Each structure stands twice: as structure tokens, then as C-alpha cells.
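In case you want the letters, here they are:
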Amino acid sequence: MGRIELLAPAGDLERLKVNLLYGADSVYIGGESYGLRANATNFTLEEIKEGCSFAHKLGKKVFLTLNIVFHNEDMEDVFSYIDKVVECGIDAFIVSDAFIISYIKKNYKNVEVHLSTQNSTSNIDAVKYFKNEGVDRVVLAREVGKNDIKEIIDETGIDIEVFIHGAMCTCYSGRCALSNYVTNRDANRGGCAQVCRFAFSCKEEKDFTFATKDLNMAKYIKDLIDIGVKSLKIEGRMRSLYYLATVIGSYRKIIDGIYDNTLTGKEFSILEERLKKVANRETSSHYFLKEADYNDQYYTGRVEVSNQDYLGLITGYDKENNCLVMVERNYFKPGDKTEIFTPSGKTYSYVIDKIYDKDMNELEVARHPEEVLKLKFPLELEPYSMIRLV
Amino acid sequence: MKLLVEFNDKKNIDMTYCDGVILSLENYSVTGKDTYSLEEICDITNKYQGKEIFVSLNKNFFNKDLEGLREVLLRLDKMNIKGIFFYDIAVLQLKRELNLKVDLVWSQTHMVNNYKTCDYYFEKGVKYALLGKELTLEEIIEIIKKSSIISMVEVVSRASIAFSKRKLLTNFYHDLGKDPQKELIIHEKVSNENYIVKEKKDGTAFYKEKLTNGTSIIKDLFDIGCSYIIMREDLEEFNILLKDTYKYIENNCQDESFILKYKKLGDYTNFFFKKTIYKVKKNG
């Protein structure tokens, strides 16, 4: 039996590549229609083809979200769209609306159907139903705890995917139309306005808020492996390259360390701290070991912390001047202690010395996001290496 | 076209001016009003023979619920029940496994939105569908025309709009250091709208405070051949509305004064005449 799958979110082609290079086994993407992130960049058919080709060369997979809840007007071209996406080389569709399942299974034996968490599937009998319908994998409701996950796997034998990291819905996925009613944006068709992060006034002295903390299951990866989960899913198709590189890279090390029996307590603490620093909200394991409770929510409205650690993406190497070329993201200055990290997992401690602009003019500080800068460094690094404050 | 009702309280049940009722089974149903034990449901089916008794089991089920769910379904199957409203697909699986005769109503709140999926579930043995409340009248009509499933449309209610497994009011009041309340009206500042939050044993439900007044679309539904409309007892003098609606349908929805009279229920028509936006921007 192979290792558990690490499944990453990719909002565009660059994120897809970063995820796979940093250790994801598979990525899930949205097409230009039918996905639940209508506001994301999303993939054209050409990009899907390129993404699949890139992934397959690495022996990895690409899944497409087709998980809106369809209205009549949305259905007209969906089957021809599926045909075109299959031609691009997609490995699986993540679906929510049941009428899609039989079309894919009937026409494409080698393409998997994964049932979206939007269906909030939470028990053995519901999973059995979808298994009988030909579904290959079920993404369980986020409300399902460890014991129930194990029972479902033991009883049904179907591939089970669970979320391990990222934002949580307050309500059952799919069973929430707050966005529709409050903002007229359809939550089940990709327009969710995250109303559960709004503050509502009420008769009490404080606003009513019901936003949840994010999910972080780093501590429980071994449990998930032991109970037979097939795939570990990271949330966040709209997250930054740095966030994805850090989260995927950290979970890759945790997973491999568990399988290889090399994950020390010290190393785990470093990875856990790294995950904590890149998060913009507090985290919890929510329903995994108990019912979610008071401690899993916020009571002060929208709480998000901006992360300033990410200094930039390394985009090349200036051999003439022995400099890394980078695109700046956040302010830094000479003397700052940093870490340069690469997709293959190498890290280099680095104290910022001199900062140059693209024409090798020395700068006092780096203060313009998106500016091309150069830093003296003796080695050329892999594409998509990054630099962060430590 | 038949008229189904959900009454606020078991004491209010009066079948004179409706064709049937929806009863929420205790411990197996969320977002409903009063709940009923199996014995009470049995009594009601015996008392109101000739009326259509539907039972709502619209919880999201977890493994621990399944054994009880089997027993409940077997007992309901022996009663004179017209149908079971369900959210969780486990109910459909168990209907197959247990070879139940009772009919099912696909009632996945915000997901019952197109004729193809309605037909999919019809082919899987589901007889009825309670259409999503986020549909336009045009979409409802298209589903009724194109799908083989028997459609139900909720026309008067305070719309149930979300459900969470979390104890959101308990947590909120814990944070305030106050005794928990089971109901709270909240106000969204930008849209200037109120919502009702209710916490029950299985989680927290959200409702739109404003009453959906679908009295003006009853004739359209009647004309298209809609089989059922649903009204929930969410207003004062509900019995008068019920009686008037029942008579209105009896007279083939010809009495225009009915529509004029019930303009007084307000002009909020939910999504019947308003599409939701879902593509906020086009890709560049």
C-alpha cells in the first residue's frame, strides 16, 4: 500500500507547479465554470492541459472541481465541458451534484469521481450509497470525527479524503445559504461571501459573531495514516505561493518523516511553528477528537493577521554578479536573518548583507513589493525557491 | 394542487383547510418547529385518515445515529405515512437496504435546484422533491415541466437558510458570561436585514426574519401543474390564510382578490423574482 496522498489547492498554473514541486502528490484546480471559487483565477482548458502534463511527468495527479450545485441554466454545456477536460488529461472530477456521477462513470472508466465535501457526507450508509453509484472517493464532511472516519473506512472500503489544513465553514458545507440571503451571492455556485465571518448586531452588548478558527491537523497525521485515510487535503485555492510552499513543504516532511520513522520531536516542533507562522488565523483540530466547542470560534469579528515573513520569490540567478534574482514581497533590510528554502527541501540560513536593484545599484532597504532585487549568494537555486524571515 | 402545512405547535394542528401536514420527528429532525414522537405521529395518522402525513427526518446523520434511524424507518414504514422528507442520503440507502415501501421526499434544502438531479433521484426511487428556496419562479416552473419527480414548493414561511452542528448561541453567551439563550435576532448592518438564530440539541439554525410571501405565485404553480405547495405557520392569523388559500386553490386560483388581500403579508418574495449572483467577476 502506498503512502497517504497529500492533496493541494491550486488557483492557477504557477500554484499548481509550486504545490507539486514542494511535495504535493496531487492538486485540485477549478475550471472556468462549475467550481466553487468563481472569484478565483481558475484554469482555461489550455492551462488544464499544461497542468496535467506537468503533473503527469512527475508521476502526480490533477483533479478538477465540478462541485457547484447546478441550476437549470448551468447544465447545458456541462457534459461537453467534461469531455474537453478529460481530453486535457484530468485524473478525477470532484463533484457535488449527483447527476454528474453517472455521466463520468459511464463514459470514462479511467477517470475517477470524488464526492465533494459540499455534500456533507457523514456516515457509513451515505458513503455506501455513493460507492454503489460508482463514486471512487468521498471527501467527508468536516464534522466527522476520528472514530467515525475509521468506521466508515472499515465498513465501506472506499477511498476517504479528509481536510487537514485551512479555513473551515461554520455550517455544514452545502447546507448554508447565508451568502445568498445576506449578499445575494450564491454560496453553492462559487459566490460564497463568507458571511460567517461577518459581525451581526443584536440585543446584547457585543456583536454576534460565529467565525471559526482554521483547521490544523499536523499533530494527527499519524492517526489519519493509521486509520486508513487515503488522502489529506489542504484548503485554499486562493492562497499565496508562499503559504502553499510552506504548508505543503511542512506536511510533506511530516508525512515522510512518519513513514520513514525519522520525524523527531524537535523537527516536528519546527514544522508546527512554521505552519503556525504562515497562518493568518488561530487554528484548532475542530471535530477530530470531540465536538467543536467554544474554543474553536472567534468572538470578535473578522480576525486575520497579515504575515510579513515572506520576503520574496527567487526567480533566477545572475551568474556574472553571483546574485540571486528575486521579486520582493515584504520589507527587509541589511542585517535581517532569513532562511532560503527550496522545493526539494533544502534550506540555507542567510543574513541579508547588501541589497541591489536589478541594475546592481545598492539599496538601503527593500521596500517596494514586486520590485526585482538581487542578493549575493554563491549558488544557483531551483526554480520557485523562496526567502523568508526567521 | 395540494396544500401541506407545518404547524408551530402540535396543539395547533387543524386539518380542515389543508391536505396534509409535515411533522418533524423528535431527535431526527432539525430546522423544523414542534417535534413529534413516533407514537404521536401514529396517533395523528389514525386521527386524520384521508389526510397526507409527511414526516421530516432532515438531520445530518453520523454513524451513532444509524441504528436508531433503521428502527425508526421500519416503524414509519408500517404507519400510514405519505412520505419522509430527508436530507441525508443514508435515508435513501436504507430505503433500498430495508426494502421500505414508504415514499421519500428529497429535501436537501439548498441543493434541490435543477431538473436533472431531480430526475436522478426519481430514478433512484425518490418520489418527491422539495425544491430549493433559492430558485426563481422561472426555474421552479422549468423543473416542474421537465422532471418526472413530484415537486413541492414552499410559498409562505420564514426561510431556513443555514444549519451548523456547532452550538453557536451557547458559545456566544459563554463568551458574554451570560446564561445561554436558545433564540436570538441578529441584524446585518449593510443589508439592514434581521435573521433569527435558533439553537437546538443538534446544532444551530438560521432563518430569515422577513416572511417569504409567495401568495402571488400560487396561481402560476397551479397553472403549471405543481403538485404541492407548503406553508409554515410563521405568522399571526395563519388559520385565516390557510382557509383562504385552500379555498383559492379549490376555485382553481381564479379569485384575484386573494392576491390583493395577501399583499398585506409584505413584498418579500425571496428569490422567486430575483436571481442570485454567482460569478462576481469574469476571468481576465
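Residues numbered from 1 in each chain as written. Chains lettered and ligands numbered in written order. Predicted model: local features only at pLDDT ≥ 70, side-chain atom pairs only at ≥ 80, totals over all residues.

Undergrad: For the overall build of chain B, give the residues involved together with the corresponding values.
TA: Across its full length, chain B holds 9 helices and 14 strands. Taken over the C-alpha trace, chain B has a radius of gyration of 19 Å; the compact-globule value for 284 residues is 19 Å, and the two agree within 12%. A fraction of 65% describes how many contacts in chain B between residues 6 or more apart in sequence connect residues 24 or more apart. (Helix = DSSP H or I, 4+ residues; strand = E, 2+ residues; numbered from the N terminus. Rg over C-alpha atoms; globule rule 2.2 N^0.38 Å. Contact = placed C-beta atoms within 7 Å.)

Undergrad: Let's hear about the domain arrangement of chain B: which residues, and what values?
TA: A common way to express how large an interface is: the accessible area buried when the components associate. Parsing chain B into structural domains produces domain 1 (2-157 + 212-265) and domain 2 (159-209). Once you take the C-alpha centre of each, domain 1 of chain B and domain 2 of chain B turn out to be 25 Å apart. (Domains from an automatic or database assignment.)

Undergrad: Summarise the packing of helix α1 (residues 13-21) of chain A against helix α2 (residues 45-57) of chain A; cite the residues concerned and give the values.
TA: All names here are of chain A. Relative orientation of the contacting elements α1 and α2 amounts to 10°, with a least axis distance of 10 Å. Comparing their axes, α2 and α1 come out roughly parallel. Residue-level inspection shows Leu13, Leu16, Lys17 and Leu20 of α1 in contact with α2, the latter providing Glu47, Glu50, Gly51, Phe54 and Ala55. Its residues placed into classes, the contact of α1 with α2 shows 5 nonpolar, 1 polar and 3 charged. (Axes fitted to C-alpha atoms, helices over the stretch in contact; angles between N-to-C directions. Parallel < 35°, antiparallel > 145°, perpendicular 65-115°, else oblique. Nonpolar A, V, L, I, M, F, W, Y, C, P; charged D, E, K, R; others polar.)

Undergrad: Tell me about the interface of chain A and chain B, residues and numbers included.
TA: At the interface, 55 residues of chain A touch 52 residues of chain B. Elements with a minimum of two residues in the side of chain A that touches chain B: α5 (124-132), α6 (146-156) and α7 (178-183) of chain A. With 5 residues, α5 of chain A is the single largest residue contributor to the side of chain A that touches chain B. Among the residues making up the side of chain A that touches chain B, the classes are represented as 24 nonpolar, 17 polar and 14 charged.

Undergrad: Lay out the confidence of the model for chain B with the relevant residues and their values.
TA: Averaged over chain B, the pLDDT score is 95; the fraction of residues at 70 or greater is 98%. Overall fold confidence for the complex sits at a pTM of 0.94, while the interface term, ipTM, reaches 0.96. (pLDDT = per-residue confidence, 0-100.)

Undergrad: Before we move on, can you summarise the sheet that holds strand β13 (residues 310-318) of chain A with the specific residues and values?
TA: One open sheet accounts for 8 strands, arranged β16-β15-β20-β13-β14-β19-β17-β18 (chain A); its pairing is antiparallel. Bordering the open sheet on either side are β16 (347-351) and β18 (362-363) of chain A, each of which pairs with just one other strand. (Pairing = 2+ DSSP bridges.)

Undergrad: Can you tell me about α1 of chain A, naming the residues and giving the values?
TA: Residues and elements named next belong to chain A. By the criterion of burial, α1 is predominantly enclosed, with 7 of the 9 residues buried. Against the buried residues of α1 lie β1 (5-10), β2 (26-30), α2 and α9 (241-259). Backbone geometry just after α1 places glycine 23 at a positive phi near 120°. (Buried ≥ 20, exposed ≤ 12 C-beta atoms within 10 Å, placed from the backbone.)

Undergrad: Let's hear about the domain arrangement of chain A: which residues, and what values?
TA: Residues and elements named next belong to chain A. Segmenting chain A into domains produces domain 1 (5-296) and domain 2 (310-389). Distance from the C-alpha centre of domain 1 to the C-alpha centre of domain 2: 33 Å. Facing 9 residues of domain 1, the contacting portion of domain 2 comprises 6 residues. Going through the elements one at a time, α1 and α9 are the ones with two or more residues in the side of domain 1 that touches domain 2. Ranked by residue count, the leading element in the side of domain 1 that touches domain 2 is α9, at 5 residues.

Undergrad: Would you mind going over the pairing of β1 of chain A in detail, with residue names and values included?
TA: Residue and element names in this part refer to chain A. Extensive coverage of β1 is indicated by the burial of 5 of its 6 residues. Inspection of the sheet shows β1 paired to strand β11 (residues 231-234) by 3 bridges, in the parallel sense. For glutamate 5, the partnering residue across the bridge sits in β11 and is serine 231. Pairing of β1 with β2, which is carried by 4 bridges, proceeds in the parallel orientation. Residue proline 9 lies in a different strand from β2, and its bridge partner there is tyrosine 28. Tracing the backbone out of β1, into α1 and back to the parallel element β2 gives a crossover that is right-handed. (Right-handed = clockwise from strand over helix to strand, strands pointing away.)

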